[in-house]
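This is what each chain is made of:
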Amino acid sequence: MTVPLPTPTLHTPRLRLRAFEDTDADDLFALHSNPHILRYWDSPPWTERSRAETFLGVCRRVEREGTGARLAAERVSDGAFIGWCNLGSWNPDFRSAVFGYCYDDAVWGQGYATEAARAVLGWAFDTLDLNRVQAEVDTRNAPSARVLEKLGFVREGTLREDCVVNGDVSDSWIYGLLRRDWQPSARPVPTH
């Protein structure tokens, strides 16, 4: 029996992290159709807007099945959609999950990914009683690796040639964050 996991709404000083809505489809398509943003992604940029509808359907399914949460990241100052982050593959028996994110290149280097991740990880460790969170990053994506390391993730290994996107073969680093190593800063307050 599956138990739904309601997607929280989390607030940070500069962001509101919330459940995806159907109205996010155009912003999602703009984000995922940008080859610069997706250059280190594990799939090619989207070419059809229907991919955004599929993504939104997966968001609803993940929530309904209770396997994780995908959250849209909205800037508080102007309400702009700037990307998203997720906690997926939640396994209550192993007390583990997988973390990931994707942000518009216009906000790279401004600390939004780290700020959002702290909020989501704080919620996840508290609400889901996690012991371990795992993340993967393309070995060529040093800025994303730095985000994970700032959060306390430890590089545990390399998956050699694990992705082939449009004929381009790449390696990925595996990162892990254990509950005992988690150092939360100011905790966001979830609302529903």
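Residues numbered from 1 in each chain as written. Predicted model: local features only at pLDDT ≥ 70, side-chain atom pairs only at ≥ 80, totals over all residues. Heavy atoms only, no water.

**Q** Give a description of the sheet that holds strand 2 (residues 15-19) that names residues and reports values.
**A** Reading across from one edge, 1-2-3-4-5-6-8-7 is the order of the eight strands in this open sheet, with mixed pairing throughout. Each edge of the open sheet is held by one strand with a lone partner, namely strand 1 (10-11) and strand 7 (154-165). As paired strands, strand 6 (residues 132-138) and strand 8 (residues 168-178) are joined by seven bridges and run antiparallel to one another. Looking at strand 8, one finds that Val137 is bridged to Trp173. (Pairing = 2+ DSSP bridges. Helix = DSSP H or I, 4+ residues; strand = E, 2+ residues; numbered from the N terminus.)

**Q** So what's going on with the pairing of strand 4 (residues 81-91)? Which residues, and what values?
**A** Buried residues dominate strand 4, accounting for nine of its eleven residues. Bridge count between strand 3 (residues 69-75) and strand 4: six bridges; the pairing is antiparallel. Bridge pairing in strand 4 places Arg70 opposite Asn86. What sits between strand 3 and strand 4 in their antiparallel hairpin is a turn of five residues, with Gly79 showing a positive phi close to 75°. In terms of strand pairing, strand 4 meets strand 5 (residues 96-103) through seven bridges, oriented antiparallel. Bridge pairing in strand 5 links Gly88 to Val98. From the end of strand 4 to the start of strand 5, which pair antiparallel, there are four residues, and Arg95 there has a positive phi angle of about 55°. (Buried < 20%, exposed > 50% of the residue type's maximum accessible area, 1.4 Å probe, protein only.)

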